[in-house]
Amino acid sequence: MKRISSISICLLFIALSVFAQTKTSKDEEKFINNLLRRMTLEEKLGQMNQTHFNTTVDSMCMKVRNSGLGSLLNINPKFVNQIQRTAVEESRLGIPLIIGRDVIHGYKTIFPIPLGQAASFNPQVPENGARVAATESRQQGITWTFAPMLDISRDPRWGRIAESLGEDPYLAGVMGTSMVRGFQGKSLKDNNAMAACVKHFVGYGAAEGGRDYNSTNIPARLLRNVYLPPFQKAIEAGAATVMTSFNDNDGIPSSGSDFLLRTVLRNEWKFDGFVVSDWESMSEMMKHGYAQDKKDVAHISLKAGMDMEMVSETYVDYIKELMSEKKVSMKDVDNAVRNILRIKYRLGLFENPYIDEKAVSTIYAPEHLQKARQAAVESAVLLKNEKNILPLKPTTKIAVIGPMADAAHEQLGTWSFDGDKNKTVTPLKALLTEYSNISYVYEPGLTYSRDKNTNFEKAIAAANSADVAVVFVGEEAILSGEAHSLSNINLIGQQSELLKAIKSTGKPIIMVVIAGRPLTIERDLPNADAVLYNFHPGTMGGLAIMDLLFGKENPSGKLPLTFVREVGQIPMYYNHNNTGRPAQEWMQPIDEIPLEAPQTSLGNTSFYLDSGKNPLYPFGFGLSYSKFEYANLQLSTTEMAITGSLIAKATIKNASDVDGYEVVQLYVRDLVGSIARPVKELKGFQKIFLKAGESKTVEFNLKASELAFYGRDMVKKTEPGEFKIWIARNSADNGLESNFIVK
Ligand code: GLC
């Protein structure tokens, strides 16, 4: 018998899978169009309507029975089956509801806030977190989460920076697609999958002044080169839905932007899921002064490409009238409904709409808690470790001080809707359980982060009775997240004063920060020998912190955004343009400026007289208990064709006696372009494990296409010219530098 070559077997396999996919999408479209044909206009508008659970179950069931609803958000899971049964068994066409919820960084098992997960620089961390969240949520009938949030933010005054994946488009793209994979799994039909929703489309993180909901003024080129890329990556990864943002950009609210929703999302990115507004972001176009009235809101939104309306109900109230006035067409409505039905179909809701109430609950499953603990370990960033005071020996007696040492609710961070604070393992609780071998004394000194108390006698006495003081400071959960912007991001209340008071004892101090944003902690650094920074680390954060303080784990987190010295330095980020007057290295402290100094004597360059030109800590920074050495940067070529690639490699050595992980980062700079280009851009990172004394060669394959950007002509392409390249510890490390040319 003629041997079938392996090539033909592969070709057959490819053909079959293409046929299968085509068949699936053909079945899908056939099902959707058959259903659409049978729907009345009222039923179609019902599908485009999402409301929140704001009434009794019976009145909600009546609304559903009359097909006035396509989706519910944030309802109590115990009512899901009852309401879903009404939709499926009592409405005319039995179209199931899609139940949405803000499962942002965990349903019951709460992971670190997304900013913390980004600090892990390990895509498996957000993927695990999303997988655990989807597993726990789908069982409760929640089939749609309003995450991941992919807003690039360069402003820590903005409370929602807590939900973001930091300041860098590359990192946010990698972490965001990991979350999409984690939420959606291999198939949306799986009983542990849920539809992701990439938000807030787009530019919300650039709110002027860092004040939430404020206008943004992002020019088209910057939008293309910085704010849109993470969304494009997530759509390419199969994100099922998109949520529009509250902000107007250059005067146009996203919820009414046909450029965003049709030109970019549909025409360029070929997105085939559905778009949902943010909470009343459609009707808010009246407040923006962009829509005359609710009827205008419905008209603008539908023409722009908005499929589903969250809460404001202008579609069900006005589309029929707009249709009679020929301002919108049935085609417009059908397109929106088709997109919604497609995701419901892919979720398997038509075949399997109900919760299996007999299923064994996976909530707080041991493996979920273990993954949350590992995530918290990898999300912590060691910022300072004078004289290697950390890790502590288990024989060290510690004084546990500060308002965040036993803050079960606060530790869960913002958007931990369903997290149970009684399940939170705080640092103190860790000492009462797994770390009960550690000798400690506990005196908080302050009872919550805003506490104005100034009597620290007991805390001082506790410090005096111990070998080392571990002072837990930071922010209550309510101080970050939506609508929670701050104009002052110092440690709030009397926390800095508490640190100072403990410093007066002369004891070594470990400052452990638990917060929702990068705080301006420069003034506190003299009062701490070591600083471990945690972005609200979630349910298992206390154990993770003890793992790190006592050396069971070695810190590996890196900053996903810049830490400024002063709030006045904002916005400050690593991937900035060089300007025509980049500041010099030296900076004369303001108090040393001579009296009557001549006008130009300090150099006319871009810096602050009082805080210089550098941040407190740069993007990508993080210390370890290990000591990593970088050497021997080599390029496979110094001339790359415009369609080519090159290999950049370096040797990384763990020159210590402590095993550890290191995040090796690849940066490039396009020296001259049709527009000014950033002084550095992250193009790759690898988190590697090195045993004590071990060396590894780390290789990056950099493609010319990864250097592409929207230039002067607004066409995305790689431009020939000279580039610098670094393999580095962080964005400020220029140690291993080389050059190459793109021809
Ligand atoms: C909120 C948020 C959005 C959230 C939605 C539903 O206002 O902006 O991120 O998913 O409403 O709760």
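Look up a bit, the structure's there.
How each quantity is defined
Residues numbered from 1 in each chain as written. Predicted model: local features only at pLDDT ≥ 70, side-chain atom pairs only at ≥ 80, totals over all residues. Heavy atoms only, no water. Helix = DSSP H or I, 4+ residues; strand = E, 2+ residues; numbered from the N terminus. Rg over C-alpha atoms; globule rule 2.2 N^0.38 Å. Buried < 20%, exposed > 50% of the residue type's maximum accessible area, 1.4 Å probe, protein only. Contact = heavy atoms within 4.5 Å. Areas by Shrake-Rupley, 256 points an atom, 1.4 Å probe, with all protein chains shown as cover. Core = buried A, V, L, I, M, F, W, Y, C linked by side-chain atoms within 4.5 Å. Pairing = 2+ DSSP bridges. Right-handed = clockwise from strand over helix to strand, strands pointing away. Near = heavy atom within 4 Å. Polar contact = N/O pair within 3.5 Å; in protein donor to acceptor, adjacent residues only side chain to side chain. Nonpolar A, V, L, I, M, F, W, Y, C, P; charged D, E, K, R; others polar. Axes fitted to C-alpha atoms, helices over the stretch in contact; angles between N-to-C directions. Parallel < 35°, antiparallel > 145°, perpendicular 65-115°, else oblique. Lys, Arg positive; Asp, Glu negative; His and termini not counted. Salt bridge = Lys/Arg side-chain N within 4 Å of Asp/Glu carboxyl O. Expected span 1.5 Å × (residues − 1). Phe/Tyr/Trp six-rings, centres within 6.5 Å; stacked < 30°, edge-to-face > 60°.

K.L.:
How do you make sense of the overall build of the protein chain when you look at a structure like this?
P.N.:
Scanning the protein chain from terminus to terminus reveals 19 helices and 26 strands. Against the globule reference of 27 Å for 743 residues, the protein chain gives a C-alpha radius of gyration of 27 Å, in line with a compact fold. Dimensions along the principal axes, computed over C-alpha positions, put the protein chain at roughly 75 × 75 × 65 Å. Looking at the protein chain as a whole, 57% of its 743 residues are labelled buried. Long-range pairs, those at least 24 residues apart, make up 77% of the contacts in the protein chain with a sequence separation of at least 6. Accessible surface for the protein chain amounts to roughly 29700 Å². Of this, 52% is attributable to carbon and sulfur atoms.

K.L.:
Which parts of the structure should I look at to understand the nonpolar core?
P.N.:
Where a protein is soluble and globular, its nonpolar side chains tend to be buried together. Membership of the largest hydrophobic core comes to 94 residues, with the highest contact counts inside it found for M48, W144, V198, F201, L265, I319 and V333. Sequence-distant contacts of L265, defined by excluding residues within four places in its chain, comprise F201, I235, V242, L260, K270, F271 and V275. If you look at the next biggest cluster of nonpolar residues, it comprises 49 residues, including A119, A501, I521 and V564.

K.L.:
Would you take a moment to explain the environment of R669 for this structure?
P.N.:
When you line up the elements, R669 lands in strand β20 (residues 660-670). Distance in space between the C-alpha atoms of R669 and Y448 is 45 Å, their sequence separation being 221 residues.

K.L.:
Help me out: how do you make sense of the pairing of strand β1 (residues 49-52) in this one?
P.N.:
Across a regular strand the side chains alternate sides, sitting on one face of the sheet and then on the other. Of the strand pairs in this sheet, β1 and strand β10 (residues 309-310) are connected by two bridges, and their pairing is parallel. Looking across to β10, one finds that Q50 is bridged to M310. Sheet topology places β1 next to strand β2 (residues 71-73); three bridges connect them, and they run parallel. Directly across from H52, in β2, lies its bridge partner L73. Handedness of the β-α-β unit built from β1, helix α3 (residues 57-65) and β2 comes out right-handed.

K.L.:
Honestly, the site of the ligand in this entry has me stumped. Any pointers?
P.N.:
Residues in contact with the ligand amount to 14 residues; listed here are only the nearest, D102, R160, K199, H200 and D278. Within the contact set of the ligand, an oxygen atom lies 2.7 Å away from a side-chain nitrogen or oxygen of K199. Separating an oxygen atom of the ligand from a side-chain N or O atom of E482 is a distance of 3.0 Å. In isolation the ligand exposes 310 Å². Once the protein is present, 94% of that is buried. Of the residues belonging to the shell around the ligand, the class tally is seven nonpolar, two polar and five charged.

K.L.:
Explain the packing of helix α12 (residues 294-304) against helix α13 (residues 314-324) here, please?
P.N.:
Contact pair α12 / α13: the axes reach a minimum separation of 8 Å and the direction vectors enclose 85°. When the interaxial angle is binned, α12 and α13 end up roughly perpendicular. Contacts between α12 and α13 involve K294, K295, V297, A298, H299, S301 and L302 from the first element and T314, Y315, Y318, I319, E321 and L322 from the second. Among the residues making up the contact of α12 with α13, the classes are represented as seven nonpolar, three polar and three charged.

K.L.:
Even after reading the chapter, I still don't get the sheet that holds β10, so can you show me in this structure?
P.N.:
The strands that make up a sheet are held in pairs by hydrogen bonds between backbone atoms, and each pair lies either parallel or antiparallel. The strand order β4-β3-β2-β1-β10 describes an open sheet built from five strands, whose pairing is parallel. Looking along the sheet, the strands with just one partner apiece sit at the ends: β4 (144-145) and β10. One ladder, built from two bridges, connects strand β3 (residues 98-101) with β4; its direction is parallel. For G100, the partnering residue across the bridge sits in β4 and is W144.

K.L.:
Sorry if this is basic, but what is going on with helix α4 (residues 80-90) here?
P.N.:
Given 3.6 residues per helical turn, the α-helix brings residues three or four places apart onto the same face. Listing the buried residues of α4 in full gives V80, N81, I83, Q84, T86 and A87. Looking at the buried side of α4, the elements it contacts are α3, β2 and β3.

K.L.:
Could you clarify how one ought to interpret the side chain of E719 in this entry?
P.N.:
Looking at the element boundaries, E719 is found in the loop between β24 (716-717) and β25 (721-728). Despite its burial, E719 pairs with no opposite charge, the nearest such side chain being K717 at 4.5 Å. Each residue touching E719, except ones within four places of it in the same chain, is listed here: I642, G673, S674, F709, G711 and V742.

K.L.:
Sorry, what's going on with the pairing of strand β19 (residues 645-654) here?
P.N.:
Residues L646, A648, A650, I652 and N654 point to one face of β19 and are all buried, whereas S645, I647, K649, T651 and K653, pointing to the other face, are not buried. As judged from the nine bridges shared by β19 and strand β22 (residues 695-703), these two strands associate in the antiparallel manner. Bridge pairing links A648 to F700 in β22.

K.L.:
I keep staring at unusual backbone geometry and nothing clicks. Help me out?
P.N.:
Of the consecutive residues K199 and H200, the connecting peptide bond is found in the cis state with omega at -5°. Secondary-structure assignment places H200 in strand β5 (residues 197-201). P571 follows I570 through a cis peptide bond whose omega is 0°. Secondary-structure assignment places P571 in the loop between α19 (541-549) and β17 (628-635). One non-glycine residue, E596, adopts positive backbone phi at about 55°. With respect to the helices, strands and loops of the structure, E596 is situated in the loop between α19 and β17.

K.L.:
Explain the pattern of salt bridges to me, please; I cannot follow it from the model alone.
P.N.:
Once their charged atoms are close, side chains differing in charge can pair, the charge on each being opposite to the other. If you walk through the whole model with that rule in mind, you get 39 salt bridges. Measuring nitrogen to oxygen at the nearest pair gives 3.5 Å for the salt bridge that ties R85 to E89. Here R85 pairs with E89, and both are found in helix α4, just four residues apart, close to one helical turn. Residue class for R85 comes out partly exposed when judged on its relative accessible area of 34%.

K.L.:
Sorry if this is basic, but what is going on with helix α7 (residues 169-184) here?
P.N.:
With 16 residues, α7 should cover 22 Å at 1.5 Å per step; its first-to-last C-alpha distance of 22 Å lies within 8% of that length. The N-capping residue of α7, defined by a side-chain oxygen 3.0 Å from the backbone nitrogen of Y170, is D168. Just downstream of α7 lies G185, where phi reads positive at about 60°.

K.L.:
Explain the environment of G251 here, please?
P.N.:
Of note, G251 is situated in the loop between β7 (248-249) and β8 (252-253). With 92 residues separating them along the chain, G251 and I343 place their C-alpha atoms 32 Å apart.

K.L.:
I'm lost on the packing of aromatic side chains in this one. Help?
P.N.:
Any aromatic ring pair is given by two values, namely how distant the centres are and how the planes are angled relative to each other. Tallying each qualifying case throughout the model produces 24 aromatic pairs. Judged by centre distance (5.8 Å) and plane angle (65°), the ring pair of W415 and F417 falls under edge-to-face. Exposure remark for F417: the relative accessible area of 43% places this residue in the partly exposed category. Each ring, one from Y617 and one from F621, has its centre 5.2 Å from the other, and the planes form 20°; the classification is stacked.

K.L.:
Can you walk me through the side chain of S91 in this structure?
P.N.:
As for its placement among the helices and strands, S91 is situated in the loop between α4 and β3. Residue S91 is classed as buried on the basis of its relative accessible area of 10%. Within the structure, S91 has its side chain in polar contact with the backbone oxygen of A87 (distance 2.5 Å). Those residues in contact with S91 that lie beyond four places of it in its chain are V64, R65, S67 and T86.

By themselves, these observations are geometric and do not establish any function.
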